[in-house]
Amino acid sequence: MAPELALGGLQRWMQSVIVHPAPIEEALASRETSALLPPGRVGDVLLPSATLAAGERIGIYHEMYLLRMAEALASDYPALAHFFGETRWPVLVRDYVRAHPSRCYTLNVLGRSLPGWLGEAAIVPRRGFCRDLARLEWAVTEAFDAEETPRLTRQQLEGVPPEAWAGLRLVPSAALRLVELRWNVNEWLDSTKDDEHDHPKPRRRDAWVAVFRQDYAVYRRELSHPAFRLLQDLASGRSVGEALEAALRRRGTPGPEALTRWFQEWASDGLFTRLDVGAKARA
Amino acid sequence: MNRFGFPDLGIGIGLRASHFGEILSRWPKLDWFEVLSENYMDTGGRPQWVLDQVTERYPVALHGVSLSIGSTDPLDREYLRKLKALAERTKARWISDHLCWTGVLGRNTHDLLPLPYDEATLRHVVARVKQAQDLLERPIAIENPSSYLAFASSTISEWEFLARLAEAADCALLLDVNNVYVSAFNHGFEAERYIDAIPADRVVQYHLAGHTHKGTHIIDTHSGPALDAVWALYARACARTGPVSTLFEWDEAIPSFDEVRAEAAKAAPLRGVPVLATGTHGA
């Protein structure tokens, strides 16, 4: 007699099989799935076809699950997937989705926890490099998907009277992301864009990158450390006066001419969306 | 003409990112686009902008993969709220999703998992379709799935299940002719029998697509052109329904816009008297 599996129990069992990281035979016999339906009773629940056994039929969904997850993550992390290669990437994905399965209606956020996970997972080689590469690629994804905000123009900035600058706040564009790196991942990411794929060796290198969007295309710009810190302070809501004061206390901050050039460059890049006077600015 | 008064939009294809450039540059002649709902619910960048441009010029319908109408988890009200907002923003002519479930216990496998076809499941799905329609404030179209396994507990054929679901929930149907072909092979039933049993006045849209034959089973990959046998089933269905909005799905190794459109255009002589559609532009 076929076991009476109500719809809920049936779905819990099917899901546990489909997402199980082991090959299908082991998945069907695993402790987790056996607790819901012993492997010997799979044939009582699922029918064979003319060409496939019952276990092979649910195996089709089992195989497609990991392929789909690998494809989704590779679309958000193409450089990372390239770094790991065709053999190691599915293994990484298997372990990642085991720890961070999708709980959303969209696959677009599946990879949100990957950078943090890469920094801790034992199976990951060159953990620091991989984590930084993932952080940079996720910043690119976030910049791509961010809402469109109007651009604060250079003319608008130049129109601010000098006495008003100290109290001004520059509201960052919704697509702006500031990424502090410890590895040479920005140049590594650049190397994936050309056909030769002449990749630099992973090595330690401090870098500070602004990721932003212009006319719906995403760009990365490496900044000096002082420029990055100033931009970070401005983007966090500090007034221009407060941010400049902090910058001038730091080593390496240039003089007024160079500072002016930074602000002009940031305006040209569309890093800010508007000026605020008074209350703390948030994008 | 269907009982819902949904228009015959003519022949359309899916809106795909790989075609954005081409669409934006020449606004090609096409009756309508089908838009994948989940791709546009949470993005504010270029995809959203492109969608806005497209919906100003072409009629669209929304097609989703995460409604999970057959799941024993509660309906995702946040998902439905966003879907409703997207439908309003795009002036979507209708919303569709699949007869399936995608996950339980808060998880999403991002696959269209099959349901047993029995009286209890029918009652369950009817109730949920009614609930979804109430929340969306419109009837939805349910698509027949392609599937790779069958349940020992099923007591109703899929075509009877769909017909009774549509009647009891008063919902529309999206008849995927390729899925009928695929499932007929995988489960050993006659595709023609399925086509002949569907309530003709509830069909508001057709899907056509290619697939991948694995020998022991067929996978609904939406790759390549449709088989002659699938076109024949489509003609058979159209003879019962009259002209109905038709959409060609091509999601793997997507060729140029013109190539997909040319494949979709094969529907024209098969669907009956062509209807002059709105939204045709350019060449």
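Source: prediction; values computed, not measured. (Residues numbered from 1 in each chain as written. Chains lettered and ligands numbered in written order. Predicted model: local features only at pLDDT ≥ 70, side-chain atom pairs only at ≥ 80, totals over all residues. Heavy atoms only, no water.)

**Q** Even after reading the chapter, I still don't get the nonpolar core, so can you show me in this structure?
**A** Note that soluble globular proteins tend to have their nonpolar side chains buried in a common cluster. Counting residues in hydrophobic clusters, the biggest one holds 145 residues, and the most contacted among them are Trp13, Ile58, Leu80 and Trp89 of chain A together with Phe33 and Leu165 of chain B. For Phe33 of chain B, the contacting residues outside a window of four places in its chain are Ile13, Gly14, Leu15, Ile23, Val54, Tyr58, Pro59, Val60, Ala61 and Phe257 of chain B. In this structure, Leu168, Leu176, Val240 and Trp266 of chain A belong to the second largest nonpolar core, which totals 25 residues. (Core = buried A, V, L, I, M, F, W, Y, C linked by side-chain atoms within 4.5 Å. Buried < 20%, exposed > 50% of the residue type's maximum accessible area, 1.4 Å probe, protein only. Contact = heavy atoms within 4.5 Å.)

**Q** Hey, could you run me through the sheet that holds strand S3 (residues 177-183) of chain A in this one?
**A** Sheet strands line up and pair through hydrogen bonds in the backbone, either parallel or antiparallel. All names here are of chain A. Spatially, S3-S4-S5 is the arrangement adopted by the three strands of the open sheet, whose pairing is antiparallel. Each having just a single partner strand, S3 and strand S5 (217-223) make up the two edges of the open sheet. Sheet twist, expressed as the mean angle between neighbouring strand axes with direction ignored, is 30°. Direction of pairing for S3 relative to strand S4 (residues 204-214): antiparallel, over a ladder of six bridges. If you follow Val179 over to S4, its bridge partner there is Val209. (Pairing = 2+ DSSP bridges. Helix = DSSP H or I, 4+ residues; strand = E, 2+ residues; numbered from the N terminus. Axes fitted to C-alpha atoms, helices over the stretch in contact; angles between N-to-C directions.)

**Q** Please explain the interface of chain A and chain B as it appears in this structure.
**A** If you look at the interface, chain A gives 39 residues, while chain B gives 44 residues. Contact between chain A and chain B buries roughly 3600 Å² in total, counting both sides, with carbon and sulfur atoms accounting for 61%. Interface area lost by chain A to chain B is led by Gln15, Tyr61 and Tyr105 of chain A, which between them contribute 23%. Viewed at the interface, chain B and chain A are joined by one salt bridge. Measuring nitrogen to oxygen at the nearest pair gives 3.0 Å for the salt bridge that ties Asp111 of chain B to Arg68 of chain A. If you list the elements that add at least two residues to the side of chain A that touches chain B, you get helix H1 (7-18), helix H4 (42-45), strand S1 (46-47), helix H5 (54-76) and helix H8 (127-145) of chain A. When grouped by side-chain class, the residues that make up the side of chain A that touches chain B number 22 nonpolar, eight polar and nine charged. Two elements, S1 of chain A and strand S6 (residues 150-151) of chain B, share two bridges in a ladder whose sense is antiparallel. (Buried area = accessible area lost by both parts, 1.4 Å probe. Salt bridge = Lys/Arg side-chain N within 4 Å of Asp/Glu carboxyl O. Nonpolar A, V, L, I, M, F, W, Y, C, P; charged D, E, K, R; others polar.)

**Q** Would you mind going over the confidence of the model for chain A with me for this structure?
**A** Reading fine detail from the predicted coordinates is not recommended where pLDDT is low. Mean pLDDT over chain A works out to 92, with 96% of the residues at or above the 70 mark. Mean pLDDT values over the elements of chain A span from 83, in helix H9 (residues 154-158) of chain A, up to 98, in S3 of chain A. (pLDDT = per-residue confidence, 0-100.)

**Q** Just to check I follow, could you spell out the pairing of strand S7 (residues 172-176) of chain B for this structure?
**A** Two faces belong to every sheet, and in a regular strand the side chains alternate between them. Residue and element names in this part refer to chain B. Burial within S7 is extensive, with five of its five residues counted as buried. Every second residue of S7 is oriented toward a common face, with Ala172, Leu174 and Asp176 on one face and Leu173 and Leu175 on the other, all of them buried. In this structure, strand S5 (residues 141-143) lies alongside S7, joined through three bridges in parallel fashion. Its bridge partner being in S7, Glu143 is matched across the sheet by Leu174. In terms of strand pairing, S7 meets strand S8 (residues 203-209) through four bridges, oriented parallel. Across the sheet, the residue bridging to Asp176 is His207, located in S8.

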